[in-house]
Amino acid sequence: MSPQRRVQLTFACAVSLLLASGAATGFVMTRFIESQKWVIHTREVEASFGELSAATEKAGRARAEYVNTGSEVFLDAFNAAIPDIGKKLDTIADLTKDNPKQQQLWSQLQGLVGLRIDLYRKSIKLRQAAHQDEHGQTEIAIAGLPVTTAVAATTDEMRREEENLLIVRMGRSRRLLIVSACMWSATLLLALLFLGLH
């Protein structure tokens, strides 16, 4: 083989290798970006649990203040907080629609939060009917304890599910990044080897 032909063949091999590596790396990077989007998605789901908890606590504080003071300001704050709780539940439903187990847990959570709100409303109605019925308020508070516990347990289970998904997703992202780095390194070394043979 003539030296000129050998140079052309070596150059063609190096360019082909770089093109193939670029295409493969493009594919791997696309998968890496998709994997990162799922990691971000998991973080959004986890944040939505905190937002639901904050909205529910806000309604609970407004209810407690209304029961203690009878001030309409707190009743208005309670009534304003309720739609926000519904929005937070809707956000969780939307974010977890890709996961049947999470949707089942969400349905359970929605029912429990609904029970909690019903107890809040019952407490408010009792305050409106009998200004200082401490026995009745205590009964409602006692009835709410298992509901509060169940809400916390369901939310914790949903968080654990998301955390498990996050571990899998981050592992996948890490592997894809390593594969991409190895591919680029191997390609560079082979291209340099081909060019060095010239």
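The numbering scheme is per chain: residues are counted from 1 as the chain's sequence reads. Per-residue local features are limited, in this predicted model, to residues with pLDDT of at least 70; the limit for side-chain atom pairs, both in listing and counting, is 80 or more; totals at the level of whole chains, interfaces and linings are taken over all residues. With hydrogens and water stripped out, all remaining heavy atoms of the structure feed into the side-chain values.

## Brief notes about the pattern of salt bridges
And step 1. By salt bridge we mean one thing: a side-chain nitrogen of Lys or Arg within 4 Å of a carboxyl oxygen of Asp or Glu. Scanning the entire structure with this criterion turns up six salt bridges.
And step 2. The residue Lys 88 makes a salt bridge to Glu 51 at a minimum N-O spacing of 4.0 Å. You can see Lys 88 sitting in helix H2 (residues 72-95) and its partner Glu 51 sitting in helix H1 (residues 3-69), a full 37 residues away along the chain.
And step 3. Between buried and exposed lies partly exposed: a residue is buried under 20% and exposed over 50% of the maximum accessible area for its type, with that area taken using a 1.4 Å probe on protein chains only. Looking at Glu 51, the relative accessible area reads 40%, which means it is partly exposed.
And step 4. Overlapping salt bridges, with partners in common, bring together Glu 51, Asp 84 and Lys 88 in one network. Helix and strand definitions follow DSSP, with helices as H or I runs of at least four residues and strands as E runs of at least two, each counted in order from the N terminus.

## Quick word on the packing of aromatic side chains
And step 1. Planes of paired rings set the category: under 30 degrees apart is stacked, over 60 is edge-to-face and the rest tilted, where pairs are Phe, Tyr or Trp rings (Trp by its six-membered ring) whose centres lie within 6.5 Å. Evaluation of the coordinates by the stated rule reveals one aromatic pair.
And step 2. Measuring from ring centre to ring centre gives 6.2 Å for Phe 78 and Tyr 120, while their planes differ by 80 degrees; the resulting arrangement is edge-to-face. Highlighted residues: Phe 78 in helix H2 and Tyr 120 in helix H3 (residues 100-129), separated in sequence by 42 residues.
And step 3. The exposure class assigned to Tyr 120 is buried, which follows from its relative accessible area of 10%.

## Observations concerning the packing of H1 against H3
And step 1. Each axis is a line fitted through C-alpha atoms, and for a helix only the stretch in contact is used; angles between axes span 0 to 180 degrees, taken between their N-to-C directions. Here H1 crosses H3 at 10 degrees, and the two axes come no closer than 9 Å. It follows from the interaxial angle that H1 and H3 lie roughly parallel. Residue-level contacts link Phe 49, Leu 52, Thr 56, Ala 59, Gly 60, Arg 63, Tyr 66, Val 67 and Thr 69 of H1 to Gln 102, Leu 109, Val 113, Arg 116, Tyr 120, Ser 123, Ile 124, Arg 127 and Gln 128 of H3.
And step 2. For this scheme, ten residues count as nonpolar: Ala, Val, Leu, Ile, Met, Phe, Trp, Tyr, Cys and Pro. Four count as charged, namely Asp, Glu, Lys and Arg, and the remainder, Gly too, count as polar. Of the residues assigned to the contact of H1 with H3, the class counts are nine nonpolar, six polar and three charged. Under this scheme an angle from 65 to 115 degrees is roughly perpendicular, one under 35 degrees roughly parallel, and one over 145 degrees roughly antiparallel; angles in between are oblique. Any two residues having at least one pair of non-hydrogen atoms within 4.5 Å are treated as being in contact.

## Observations regarding H2
And step 1. Helix length check: H2 (24 residues) gives 35 Å between terminal C-alpha atoms against 34 Å at 1.5 Å per residue, within 8%.
And step 2. Burial in H2 covers these residues: Leu 75, Phe 78, Ala 81, Ile 82, Ile 85, Leu 89, Ile 92, Ala 93 and Leu 95. Given the number of residues in a helix, its expected span is that number minus one, multiplied by 1.5 Å.

## Overview of the packing of H1 against H2
And step 1. Following both chains from N to C, one finds H1 and H2 inclined at 160 degrees, their axes separated by 8 Å at the closest point. Classified by the angle between their axes, H1 and H2 sit roughly antiparallel to one another. Crossing of H1 over H2 shows left-handed handedness.
And step 2. Per-class residue counts for the contact of H1 with H2 are 17 nonpolar, five polar and eight charged. Here a crossing is taken to be left-handed if its near helix is turned anticlockwise relative to the far helix by less than a right angle, and right-handed if that turn runs clockwise.

## A word on the side chain of Asn 99
And step 1. Residue placement: Asn 99 occurs in the loop between H2 and H3.
And step 2. In protein, a polar contact requires one atom able to donate a hydrogen and another able to accept it; more generally it is a pair of N or O atoms within 3.5 Å, and residues adjacent in sequence count only if both atoms are side-chain atoms. A polar side-chain atom of Asn 99 sits 3.0 Å from the main-chain amide nitrogen of Lys 101.
And step 3. Excluding residues within four positions of it along the chain, Asn 99 makes contact with Glu 161 and Leu 165.

## Considerations on the nonpolar core
And step 1. Grouped together as the largest cluster of nonpolar side chains are 30 residues, with contacts concentrated most on Ile 85, Leu 109 and Val 113.
And step 2. At the level of secondary structure, the elements contributing two or more residues to this core comprise H1, H2, H3 and helix H4 (134-197).
And step 3. It is H3 that provides the largest number of residues to this core, a total of 10 residues.
And step 4. Look past the residues within four positions of Val 113 in its chain and what remains in contact with it is Leu 52, Ile 85, Leu 89 and Val 151. Throughout this description, the term nonpolar core refers to a set of buried Ala, Val, Leu, Ile, Met, Phe, Trp, Tyr and Cys residues connected via side-chain atoms within 4.5 Å.

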